[in-house]
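Here is what each chain is made of, one letter per residue.
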Amino acid sequence: MKLKQPTPSDYPNHIESEEPVRGKRFTGVHWWDPDRLSHLDDLPRFCPNCGAAVVENGGISVEYWEAEQRIYHTWCHGCGWAGDITRVHRMTSHEAEH
Amino acid sequence: MLSKEQNESLTKVGPGTPMGELLREYWYPVAFQKDLDEWPIKKIRLLGEDLALWKTAQGGYGIIQEKCPHRSASLVYGVVEEEGLRCGYHGWLFDNTGTCLEQPAEPETSVFKTKIRAFAGKAAEMGGMIWAYLGPDPAPELPHFDVFVDPGFKDVSFTTLPCNWLQIMENSVDPHHVEWLHGRYFQFVGEQKGFLAPASFQKRHVKIGFDPIEWGILKRRVLQGNTEEMDDWKIGHPLVFPFSMRVGGGGIEQMQMRVPIDDTHSWVLFYTSHQPPGLTEFPEQIYPESYELPWLDDKGNHIVDYIEGQDIMAWVTQGDVADRTAEHIGKSDIGVIMLRRMFREQMALVEAGQDPTVNFVRSEHERIALPCEKDKFGVNWLDFALAWADMGSTRYSPALDIIKKVHIDAAAARGQLPGQDGQPSNPYGEVPGQ
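Residues numbered from 1 in each chain as written. Chains lettered and ligands numbered in written order. Predicted model: local features only at pLDDT ≥ 70, side-chain atom pairs only at ≥ 80, totals over all residues. Heavy atoms only, no water.

**Side note on the overall build of chain B**
Right, so step 1: Tallying secondary structure elements over chain B gives 11 helices and 18 strands in all.
Right, so step 2: With the principal axes as the frame, chain B shows a C-alpha extent of 80 × 50 × 50 Å.
Right, so step 3: Per-residue burial over chain B gives 58% buried out of 434 residues.
Right, so step 4: For chain B, the share of sequence-separated contacts (at least 6 apart) that also reach a separation of at least 24 residues comes to 62%.
Right, so step 5: If you sum the accessible surface of chain B, you get close to 17800 Å²; carbon and sulfur atoms cover 51% of it.
Right, so step 6: Of the side chains in chain B, 41 bear a positive and 62 a negative charge, and the two mean positions are spaced by 3 Å. (Helix = DSSP H or I, 4+ residues; strand = E, 2+ residues; numbered from the N terminus. Buried < 20%, exposed > 50% of the residue type's maximum accessible area, 1.4 Å probe, protein only. Contact = heavy atoms within 4.5 Å. Areas by Shrake-Rupley, 256 points an atom, 1.4 Å probe, with all protein chains shown as cover. Lys, Arg positive; Asp, Glu negative; His and termini not counted. Charge placed at Lys NZ, Arg CZ, Asp CG, Glu CD.)

**Quick notes on empty space enclosed by the protein**
Residues and elements named next belong to chain B.
Right, so step 1: Per the counting criterion, the structure on display carries 2 cavities of 30 Å³ or more.
Right, so step 2: The calculated volume of the largest cavity comes to roughly 380 Å³.
Right, so step 3: In this structure, the largest cavity is lined by 26 residues; those nearest its centre are Phe201, Val247, Gln256, Ile307 and Trp388.
Right, so step 4: Elements supplying a minimum of two residues to the lining of the largest cavity: helix H6 (176–193), strand S13 (216–223), strand S15 (244–249), strand S16 (252–262), helix H8 (307–316) and helix H10 (381–391).
Right, so step 5: Of the residues contributing to the lining of the largest cavity, the split by class is 12 nonpolar, 8 polar and 6 charged.
Right, so step 6: There is about 150 Å³ of room inside the second largest cavity.
Right, so step 7: Lining the second largest cavity are 19 residues, and of these Trp27, Pro143, Phe145, Phe243 and Asn359 lie nearest its centre.
Right, so step 8: Taken together, the residues of the lining of the second largest cavity break down into 15 nonpolar, 2 polar and 2 charged. (1 Å grid on protein atoms, 1.4 Å probe; cavity = no way out; pocket = protein on both sides within 12 Å on 5 of 7 lines; lining within 4 Å. Points joined across faces, edges and corners; volume = space filled by probe spheres on them. Nonpolar A, V, L, I, M, F, W, Y, C, P; charged D, E, K, R; others polar.)

**Some points on H6(B)**
Residues and elements named next belong to chain B.
Right, so step 1: Look at H6: 24 Å from first C-alpha to last across 18 residues, which is about the 26 Å you get at 1.5 Å a residue.
Right, so step 2: Considering bend angle alone, the principal kink of H6 is centred on phenylalanine 186 and spans about 30°.
Right, so step 3: All buried positions along H6 are accounted for by His177, Val178, Glu179, Leu181, His182, Gly183, Phe186, Val189 and Gly190.
Right, so step 4: Contacts from the buried residues of H6 go to helix H5 (165–171), strand S12 (205–213), S13, H8 and H10.
Right, so step 5: Backbone geometry just downstream of H6 places glycine 194 in the positive-phi region, at approximately 90°. (Expected span 1.5 Å × (residues − 1). Bend = angle between axes of the 7 residues up to and from the residue.)

**Details of the nonpolar core**
Residue and element names in this part refer to chain B.
Right, so step 1: In terms of nonpolar packing, the biggest core is built from 70 residues, with Leu46 and Phe343 touching the most fellow members.
Right, so step 2: Here the element with the most residues in this core is helix H9 (residues 334–351); it accounts for 8 residues.
Right, so step 3: Leave out the neighbours within four places in its chain, and phenylalanine 343 touches Leu10, Met19, Leu22, Leu23, Trp165, Leu166, Phe241 and Pro242. (Core = buried A, V, L, I, M, F, W, Y, C linked by side-chain atoms within 4.5 Å.)

**Here we look at the environment of B:Lys122**
All names here are of chain B.
Right, so step 1: Following the sequence through the fold, lysine 122 ends up in strand S9 (residues 122–126).
Right, so step 2: The partly exposed category is assigned to lysine 122, whose relative accessible area is 33%.
Right, so step 3: In this structure the C-alpha to C-alpha distance between lysine 122 and aspartate 137, which are 15 residues apart in sequence, comes to 9.8 Å.
Right, so step 4: Not counting residues up to four positions away in its chain, the partners in contact with lysine 122 are Trp27, Ile63, Trp131, Ala132, Tyr133, Asp137 and Ala139.
Right, so step 5: Within polar-contact distance, the side chain of lysine 122 engages the side chain of aspartate 137 at 2.7 Å. (Polar contact = N/O pair within 3.5 Å; in protein donor to acceptor, adjacent residues only side chain to side chain.)

**Quick notes on the pattern of salt bridges**
Right, so step 1: Tallied over the entire structure, the rule returns 31 salt bridges over all chains.
Right, so step 2: Here B:Asp355 ties to B:Arg362 by a salt bridge, and the two come within 3.2 Å at their closest N and O atoms.
Right, so step 3: B:Asp355 sits in the partly exposed class, given a relative accessible area of 35%.
Right, so step 4: Overall, the relative accessible area of 37% leaves B:Arg362 in the partly exposed class.
Right, so step 5: A cluster of three or more residues bridged by salt bridges with shared partners is formed by A:Asp42, A:Glu63, A:Arg70 and A:Arg87. (Salt bridge = Lys/Arg side-chain N within 4 Å of Asp/Glu carboxyl O.)

**Overview of the interface of chain A and chain B**
Right, so step 1: Of the residues lining the interface, 23 residues belong to chain A; the matching set on chain B comes to 25 residues.
Right, so step 2: Carbon and sulfur atoms supply 68% of the area buried between chain A and chain B, which totals about 2500 Å² over both sides.
Right, so step 3: Applying the counting rule to chain A against chain B returns 1 salt bridge.
Right, so step 4: Viewed at the interface, chain B and chain A are joined by 11 residue pairs in polar contact (both at pLDDT 80 or more).
Right, so step 5: Secondary structure elements with two or more residues in the side of chain A that touches chain B: helix H2 (33–42), strand S1 (60–66) and strand S2 (69–75) of chain A.
Right, so step 6: In terms of residue count, the dominant contributor to the side of chain A that touches chain B is S1(A) (7 residues).
Right, so step 7: Tallied by class, residues from the side of chain A that touches chain B come to 12 nonpolar, 7 polar and 4 charged. (Buried area = accessible area lost by both parts, 1.4 Å probe.)

**Here we look at the state of the cysteines**
Residues and elements named next belong to chain B.
Right, so step 1: Under the defined criterion, the tally for this structure stands at 0 disulfides over all chains.
Right, so step 2: Looking at the unpaired cysteine 100, the closest cysteine sulfur is the one in cysteine 68, lying at 7.6 Å.
Right, so step 3: We classify cysteine 100 as buried; its relative accessible area is 4%. (Disulfide = S-S within 2.5 Å.)

**Section: the sheet that holds strand S7 (residues 93–94) of chain B**
Residue and element names in this part refer to chain B.
Right, so step 1: Taken together, the 4 strands give an open sheet; going across it, the order is S5-S6-S7-S8, and neighbouring strands pair in antiparallel fashion. Among the strands making up the open sheet, the edge pair consists of strand S5 (79–80) and strand S8 (100–102).
Right, so step 2: In this structure, S7 lies alongside S8, joined through 2 bridges in antiparallel fashion. Bridge pairing in S8 links leucine 93 to glutamate 102. (Pairing = 2+ DSSP bridges.)

**Examining unusual backbone geometry**
Right, so step 1: The linkage connecting B:Asp137 with the following residue, B:Pro138, adopts the cis geometry, with an omega of -5°.
Right, so step 2: Along the polypeptide, B:Pro138 turns up in the loop between strand S10 (129–133) and helix H4 (146–149).
Right, so step 3: With omega at 0°, the peptide bond leading from B:Phe241 into B:Pro242 counts as cis.
Right, so step 4: Its place among the elements puts B:Pro242 in the loop between strand S14 (237–240) and S15.
Right, so step 5: Residue A:Ala67 is not a glycine yet carries a positive backbone phi of 55°.

Here you go:
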């Protein structure tokens, strides 16, 4: 049985967005479209170990979130390096008890 | 989250696609043996290709492109001959390698048939099912996993789902969903409909772990109130790369299989062997009991008052191909991340002309034993088995009463029926292989 696919008019909060979001959209417009753009903006381009292009060279980078951080679990096909890469916007530390 | 291109590379399974080429290195169940015994030719769609599966005159099996190379008529409506499969339209005859043997209407001196070849894979029977391989020669061995070859009462539920196989596989490395989808949600459904959901699925996860193993990814869990000494952590159970998950407990051994029909459809099977300790013989079967699983009611709503129905709802409502550009995954999704990376690594090997390294068997063998919990969730074995029967897909089995009797008889043989003298809760004692 073919399930009905939702269209933008099914969403009460639907807002038509202008480019560039529409060009990168896979389905309808959602409030999280900026996350799709951020994912592409911050996707690791090159392996930190060997410098090979990650995606173009057959690797993979999967973004996941932990607390305030956006982390890219990345595997490089060129050298086999695998690890978590995250942008650091603010260096924070702890305050020792004193 | 993935980019659109990465999502497509992981989900497109047709010929020539990177994932399609990896998936073609494996054997897939495509039909029940009894179906080919009733009529010897069957249409199959696998990995985006339409094929004709047939039972040969010698009792073996062949699989060939559906469209005859002559003028594309369907070979599903062909004739099984001693030498192979003959097209019903003009009689072109093919053997099980796809070699064209005859073109009856062509002159006898013609060498036209030597220029014609149909695509052909390999097919073989195991566990009452017919398995097909569409990849390059030499084919790997068809893995004889324990659940298919061990003695037991075999029961197979199946259905075709309108979604990509990968989002179903990701469910298998997502242990947290058990306490929510089969725990709290099941409890909620029971509250609305007036039944008690199994409490064992409501236990919270205290610890989870994943290990890459020879066959895929081993999944372990410690549930609230349990310890690392229990089977759920000590043994665990595996996602069997690239399309299955092995589960079990309480004398039930199961392989859940998600066969990629094409990019947006999957043939889902729950192949179960009921083999509780205490019995050495099981009710006689010629074929596994097999039956279609309902997952939508007559109003078109998902049926969610049984375990597999809940899973199916979660898989199908993600869409025909889950939009991974719109997901927000976290630390608890580490298994999903691990699986995507494993797929990418194996795809890279095949792209480089090498064999996959996960669940790829070249050596002849009789049986492959997979690690799997016997003592599941730390609950009474008979209780677990009967809850499985009533609250899972087995409830639709025509053999439901037989299955329940198998477990009750086995519990009686072990002295573990209510009222019998107490026995060790784990009837295996020392778990074999541990």
